[in-house]
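Chain residues, written in single-letter form:
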Amino acid sequence: KRLFMQYGPWMGFRYVLGRIANNIRPWVIGILLGVEAVGIFSFARSIIAVMARLMPLGTFGVLLPRELDDRKRLKYLFTRVTKYSFFLGLIYAGISFLAFPLGVKLFFPKYQAAIPIFGVMSLILVLYSLYKIFRMVLVVFKEQKALLFRSIDESLLAPLFLFILLPIFGVLGTAIEWVLTYTL
């Protein structure tokens, strides 16, 4: 009960804000660019999500709590895992960047408009590989407030960036916004 009272509300707020940020994008894109742009963005975003889930980054989350007492070992593990996850993200982004256009042309020719969007969005795989590690560290150290502030930033910045970028870049602005928001 004490743990829930101390960290539960932060997690609950974070969940709600995350849902708002993820669900507001399609509405803003639909209003400014139309339903087809929502489909193209959602297709590219779904492929990015699949690639991110294929990254084997969960092991650090198991190792980290075991090493909390040994700060030197924890620092060593963190720097190693961060370095390797960064390179893993680069590899996944590179493979995706090269394979996605070919796969779309072969299997989903009607979605060829998503290729440039995906090219920009593939940068997120590198950022995701780092974010996943940082998130694990924040969770282990019970820094739920920091995770909440990330969700607040995302839920506020996503619509703002979309309103600025979509009129300038069109549907490519959706990818630029997602990378900018994720980077911040």
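For the structure given in this document, a descriptive report is provided here.

How each quantity is defined
- Residues numbered from 1 in each chain as written.
- Predicted model: local features only at pLDDT ≥ 70, side-chain atom pairs only at ≥ 80, totals over all residues.
- Heavy atoms only, no water.
- Helix = DSSP H or I, 4+ residues; strand = E, 2+ residues; numbered from the N terminus.
- Buried < 20%, exposed > 50% of the residue type's maximum accessible area, 1.4 Å probe, protein only.
- Contact = heavy atoms within 4.5 Å.
- Salt bridge = Lys/Arg side-chain N within 4 Å of Asp/Glu carboxyl O.
- Phe/Tyr/Trp six-rings, centres within 6.5 Å; stacked < 30°, edge-to-face > 60°.
- Core = buried A, V, L, I, M, F, W, Y, C linked by side-chain atoms within 4.5 Å.
- Expected span 1.5 Å × (residues − 1).
- Axes fitted to C-alpha atoms, helices over the stretch in contact; angles between N-to-C directions.
- Parallel < 35°, antiparallel > 145°, perpendicular 65-115°, else oblique.
- Left-handed = near helix turned anticlockwise from the far one by under 90°.
- Nonpolar A, V, L, I, M, F, W, Y, C, P; charged D, E, K, R; others polar.

**A few points about the overall build of the protein chain**
Part 1: If you tally the helices and strands in the protein chain, you get eight helices and zero strands.
Part 2: Helices and strands appear in the protein chain in the N-to-C order α-α-α-α-α-α-α-α.
Part 3: Across the 184 residues of the protein chain, 41% fall into the buried class.
Part 4: Looking at the protein chain alone, contacts between residues at least 24 apart form 76% of all its contacts between residues at least 6 apart.

**As for the pattern of salt bridges**
Part 1: Here the structure, examined in full by the defined rule, presents one salt bridge.
Part 2: When the shortest N-O distance is used, the salt bridge between Glu177 and Arg25 registers 3.0 Å. Here Arg25 lies in helix α1 (residues 2-33) and Glu177 lies in helix α8 (residues 172-183), a separation of 152 residues in the sequence.
Part 3: Look at Glu177 and you get buried, because its relative accessible area is 0%.
Part 4: For Arg25, a relative accessible area of 0% corresponds to the buried category.

**Observations regarding the side chain of Ser96**
Part 1: Relative to the elements of secondary structure, Ser96 occurs in helix α4 (residues 71-107).
Part 2: When sequence neighbours within four positions are dropped, the list of residues in contact with Ser96 reads Met51, Pro101, Phe118 and Leu125.

**Quick look at the packing of aromatic side chains**
Part 1: Enumeration over the complete set of coordinates arrives at eight aromatic pairs.
Part 2: Aromatic pair Phe43 and Tyr111: ring centres 4.4 Å apart, planes at 20°, arrangement stacked. Of the two residues, Phe43 is situated in helix α2 (residues 35-54) and Tyr111 in the loop between α4 and α5 (114-121); the sequence distance between them amounts to 68 residues.
Part 3: Seen from their ring centres, Phe78 and Phe134 are 5.8 Å apart, and the 35° between their planes marks the pair as tilted. Here Phe78 is found in helix α4, whereas its partner Phe134 is found in helix α6 (residues 123-140), with 56 residues between them in sequence.
Part 4: Look at Phe78 and you get partly exposed, because its relative accessible area is 26%.
Part 5: Put simply, the rings of Phe43, Phe100, Phe108, Tyr111 and Phe118 touch in pairs and so form one group of aromatic residues.

**Considerations on the nonpolar core**
Part 1: One finds Ile29, Ile48, Met55, Phe100, Met121, Leu125 and Tyr128 to be the most contacted residues of the largest nonpolar core, which totals 34 residues.
Part 2: Elements that contribute at least two residues to this core include exactly α1, α2, α4, α5, α6, α7 (144-169) and α8.
Part 3: Element by element, the count of residues in this core is highest for α2, at nine residues.
Part 4: Not counting residues up to four positions away in its chain, the partners in contact with Met55 are Leu88, Gly89, Tyr92, Leu125, Tyr128 and Ser129.
Part 5: Counting nine residues, the second largest nonpolar core, distinct from the first, contains Phe60, Leu74, Ile133 and Val137.

**As for α6**
Part 1: The terminal C-alpha atoms of α6 lie 27 Å apart, and with 18 residues this matches the ideal 26 Å at 1.5 Å per residue to within 8%.
Part 2: Those residues of α6 that fall on the buried side of the exposure criterion are Ile124, Leu125, Val126, Tyr128, Ser129, Leu130, Tyr131, Ile133, Met136, Val137 and Val140.
Part 3: Where α6 terminates, the next one or two residues include Lys142, which has phi positive at roughly 55°.

**Details of the packing of α2 against α4**
The geometry of a pair of packed helices is captured by two quantities: the angle between their axes and the separation between those axes.
Part 1: Interaxial distance between α2 and α4 falls to 11 Å at its minimum, and their mutual angle equals 135°. Regarding the angle of α2 to α4, the classification is oblique. α2 and α4 meet at a crossing whose hand is right-handed. Contact residues: α2 offers Phe43, Ile47, Met51 and Leu54, while α4 offers Tyr92, Ser96, Phe100 and Val104.
Part 2: Counted by class, the contact of α2 with α4 contains seven nonpolar, one polar and no charged residues.

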